[in-house]
Structure formats: structure tokens, C-alpha cells
Amino acid sequence: MTGQPSILAANFPPSVDEFFPPSLAPWGGSNPWFTRITLMLWLATAAIIIFFLVAYRNPKMVPSKVQWIAESIYGFGRNGIATEMIGHEGLRFASYLTTLFVFILANNFFAILPFFQISPNSHYAFPLVLAVLSWILFNYIGIRKHGFFGYLKNALVPPAPWYILPLLIPIEFLSTFLIRPFSLSVRLFANMFAGHMLLLVFTLGGFAMISANLGFIPFSIVSWLLTIAITFLEFLVIILQAYVFTVLTASYVQGALAEEH
Amino acid sequence: MLLAAVNGSTAIIGYGLAAIGPGIGVGLVFSAYIQSTARQPESSRLTLPYVWIGFAVVEALALFGIAFGFIWAK
Amino acid sequence: MTGHSPSEPPRDENDRVPSTNQGMTALSYLIAGIAVWGFIGWLVDRWLGTGGIAAGIGAVLGAAGGVYLIVRRLGA
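Residue numbering note: each chain is counted from 1, following its sequence as written. Each chain takes a letter, starting from A, and each ligand takes a number, starting from 1, following the order in which they are written. Side-chain atom pairs in this predicted model are given and counted only at pLDDT of 80 or more, local residue features only at pLDDT of at least 70, and totals for whole chains, interfaces and linings cover all residues.

Visitor: Looking at this structure, how should I read the confidence of the model for chain B?
Guide: Residues and elements named next belong to chain B. Looking at any residue, its pLDDT shows the predictor's confidence there, from 0 to 100. In the predicted model, chain B carries a mean pLDDT of 90, and the fraction of residues at 70 or more is 100%. Under the scheme used here, helices are H or I runs from DSSP no shorter than 4 residues and strands are E runs no shorter than 2 residues, and both carry numbers assigned from the N terminus. Summarising per-element confidence for chain B, the mean pLDDT is lowest in helix α1 (residues 10–18) (88) and highest in helix α2 (residues 20–39) (96). Model confidence for the complex: the whole-complex pTM is 0.81, and ipTM, which rates the interface, is 0.72.

Visitor: Looking at this model, I keep getting lost on the packing of helix α3 (residues 44–71) of chain B against helix α1 (residues 21–48) of chain C. Mind explaining?
Guide: Geometry of a packed helix pair, given as the angle between the helix axes and the separation of the axes. Angular values range over 0 to 180 degrees, each being the angle between N-to-C directions of two axes fitted as lines to C-alpha atoms, with helices fitted over their stretch in contact. Two numbers describe how α3 of chain B lies on α1 of chain C: the axes approach to 10 Å, and their chain directions differ by 35°. Viewed along their axes, α3 of chain B and α1 of chain C form a crossing whose handedness is right-handed. In this structure, α3 of chain B contributes W52, F55, A56, E59, A60, L63, A67 and I71 of chain B to the contact, and α1 of chain C contributes Q22, A26, L30, I31, I34, G38 and W42 of chain C. Polarity classes work like this: nonpolar for Ala, Val, Leu, Ile, Met, Phe, Trp, Tyr, Cys and Pro, charged for Asp, Glu, Lys and Arg, and polar for all others, with Gly in that last group. Residue composition of the contact of α3 of chain B with α1 of chain C, grouped by class: 12 nonpolar, 2 polar and 1 charged. The hand of a helix crossing depends on one turn: near helix anticlockwise from the far one by less than a right angle means left-handed, and clockwise means right-handed. Once C-beta atoms are placed from the backbone, any two residues with those atoms within 7 Å are in contact.

Visitor: Even after reading the chapter, I still don't get the packing of helix α6 (residues 165–212) of chain A against helix α7 (residues 217–257) of chain A, so can you show me in this structure?
Guide: Running from N to C, α6 of chain A and α7 of chain A point in directions that differ by 170°, and their axes come no closer than 9 Å. In terms of axis orientation, α6 of chain A runs roughly antiparallel to α7 of chain A. Relative orientations are named as follows: roughly parallel for angles under 35 degrees, roughly antiparallel for angles over 145 degrees, roughly perpendicular for angles from 65 to 115 degrees, and oblique for any other angle.

Visitor: Explanation requested: the interface of chain C and chain B in the structure shown.
Guide: Across the contact, 22 residues belong to chain C and 17 residues belong to chain B. Mapped onto the side of chain C that touches chain B, the elements with two or more residues apiece are α1 and α2 (53–74) of chain C. Grouping the amino acids of the side of chain C that touches chain B by side-chain chemistry returns 14 nonpolar, 7 polar and 1 charged.

Visitor: It is not clear to me how the nonpolar core should be interpreted in this structure. Could you clarify?
Guide: Across soluble globular proteins, you tend to see nonpolar side chains buried next to one another. We define a nonpolar core as a collection of buried residues of the types Ala, Val, Leu, Ile, Met, Phe, Trp, Tyr and Cys that are connected via C-beta atoms lying within 7 Å of each other. Our exposure labels follow a C-beta count within 10 Å of each residue's own C-beta, placed from the backbone: buried means 20 or more other C-beta atoms, exposed means 12 or fewer, and partly exposed covers the counts in between. With 39 residues, the main nonpolar core has I81, A82, L97, F101, A250 and V253 of chain A as its most contacted residues. Those elements giving two or more residues to this core turn out to be α1 (36–55), α2 (65–86), α3 (94–109), α4 (125–146), α6 and α7 of chain A. The greatest single-element share of this core, amounting to 9 residues, is contributed by α7 of chain A. For L97 of chain A, the contacting residues outside a window of four places in its chain are G77, I81, A82, T246, T249 and A250 of chain A. One finds L63, F64 and A67 of chain B together with I31 of chain C within the second-largest nonpolar core, a separate group that totals 33 residues.

Visitor: Looking at this structure, I do not really get the interface of chain C and chain A. What am I missing?
Guide: How big an interface is tends to be expressed through the accessible area that disappears when the partners come together. Between chain C and chain A, the residue contacts involve 24 residues of the former and 26 residues of the latter. For the side of chain C that touches chain A, the secondary structure elements donating two or more residues are α1 and α2 of chain C. Sort the elements by how many residues they give to the side of chain C that touches chain A and α1 of chain C lands first, with 9 residues. Residue composition of the side of chain C that touches chain A, by class: 12 nonpolar, 9 polar and 3 charged.

Below, the structure is given as C-alpha cells:
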């Protein structure tokens, strides 16, 4: 064996093309819409729906195991996120926030699942839509509570003397209405993108080193051990990013509901 | 005669030098907060607003470094 | 976890030290300030034809505005 390259079909170093897998179906042409990513999205949605439906098929006062797990997840979303951040009115949002948390977690989890190993959230479109949904939510809640001009006054006018206000209002506008959804989406996207890229670099680097020179096999083994370590780190990052997204959405809703300072 | 020359982007060298100060500064702010909380945990809530004020003033200089690197680059 | 009721009164966000919410707010005010007023300064630059100084003044003003907002909203 002369250490031939292309043990894998992928090149090293990994490029952005890794994030655009080929179409799984004969249709789509040059812009395939049904790829592994779409399949993973559908699988995640189906898994969540089926799990919660099955868990609540025969609810009992003394819960069975599956029911207990489902109730724990919802309890975490309701007590740990909704009422903790928003207060008593948070109960209205508990189901949306829990669904958001479980959805992001299930999609992120594909990043370390064997055979899939890429998360749909590493395409910017998916976190962007979720962030836009959160943006619409907290703006709508604010407008419904305070009225349109009341909400704008509440959100845009800081407590400051009147002559400094023209300096401050564009800053507040950019910060509240533009940077919030942007930072929500980019935080989730960048974490998933970077995690996938790291795993790719360490895995493919191991193979590339072997195909360059057989004497590099110890380095390749270290590289693959590091891949395993980074997979565990990625697991932490997955849960943390889902939690941070949901907590920040809840905190923005709380800010929109807050009374005048 | 030319002894040495630097080609390429001097904005990036400027930014690298500009990032030293705020890096140390932010570290000092948070280290003070951590130490004061370790000495007297109930003061953590009282001193937290000053953490954000200090962080903002120091980080503003770091953000100037990034911004002026782009605005004033040749 | 399922047996818990919210046992303590809901506290405001300033209490929760590990939360990153205040840090993100502070950073976003700073970046927004520099971006908005730097951009307006750059437009003034193009209008008046000055070298780059108006953008710099705008950025400094914006940073000052951002710091003022942070002091007002997150400060004691």
C-alpha cells in the first residue's frame, strides 16, 4: 500500500462545499432542495412530534418513564426558562419556548450523530428563520401590550436629558431591532458551523497525513483521538447553544413586557 | 538605503497593537469583580453594574481599533 | 423536576450572574453606537469631502453615546 489518497472521497482541507451535500433525489437540477439536510430536518420534526405524542398517550398521575422524561423536559422549559425569565406571565410562552428549545436541540444533535454528522443549523437559513420568529414574537407582544407608539417610546427612548436623545435613539434602534435577531441567528449558526468544521479538519487531517507519508500514522491517531474529544465538547456546545437561544428569546419577551423604567 | 520595509496591510499591525491595552483592561475589570465576589459574595449584586460600565469604557477602545482599521486604511 | 412549582418570586434579570444577557446588551450598545454614528460620520465625510476625520469623530461620538446608554440602563 503506497498510502493512496482518497480513502475518503473528500479533499483536504475541507471547504464550504462540505456544507452543501448532493441531492438525495433525482429532481432539483442545479439547486437541489432535497438533500441530507432536508431529510434531517424532517426526521427531527417527526421524532419530536412522535416522542411527545407517545409520551402522552395514556397520562397517569404516577408517570411512566417516557411520560416522566417528557414532563421533565417541559418542566425545564416552563420553570427554568419561561417563569424564571418572564415571571408569572411566562406561562403563556412556556410551550413555545420549550418547543423552540427541543427543536434546536434535536437539530443540533445531528452534528454528532453517526451517519449524519452535520447539523441543519449550520446553514444560515435555519437559525435566521428562528431568530426572525423570535423577533416577530417579542415585537408583537410589546405592541400588543403597550400600543404601537407606546412600545416604540418604551423601547427606543432611554432615560436621558432631552438634548442627548438624538444621539441615543439611533443607537437604541439599531441595538434593539437589528442587532438582536442578527446576533441570535449568528451565534447559533457560527457555533454549529465552526463545530462541524473542526470535526472535519481533525478527521480529514488524519487521513490526509496518512496519504502524505505513512510515517505520520501516530499523528493521525492523535488527530482522531482529538476528534473524539471534540465530539464531547460539541455535545456541550449543542445543549448550551439551544439553551442560550431560548433564554435570550425569553429575556427579549420580558423586556418587551416590562413596564416603564 | 532601505534597511527594512513592511509590505501589505499596516492596518492589521495597528489593530494588533491596539488590542493589547483593552485586552489587559477587560481582564483587570473582571478579575476585580471575581476577587471581590470571592471575598464577600453578597456584594456581587452591588458591584455588577460597575462591571458593565468598566467593560464598556475599556471595550470601546478595542472597538475603535477595529473600526478605524477599516475607516482609515489606505 | 416535574414536581417543582416556581417556589421563589420571579427575580429580575440583574440577579442572575451567569446569564450573558447583560453582557450582550452592553456589547450591542457599543457596537451599535460605533456603527451608526461612524456610518453617519462617513456620509458626512463624503458630503464634505474631508479625509476620514468625520467618520472618526462620528465613531467616537457613537461610542460615547453607547457608554452613556450602558451607564443609564445597566448602571447603578
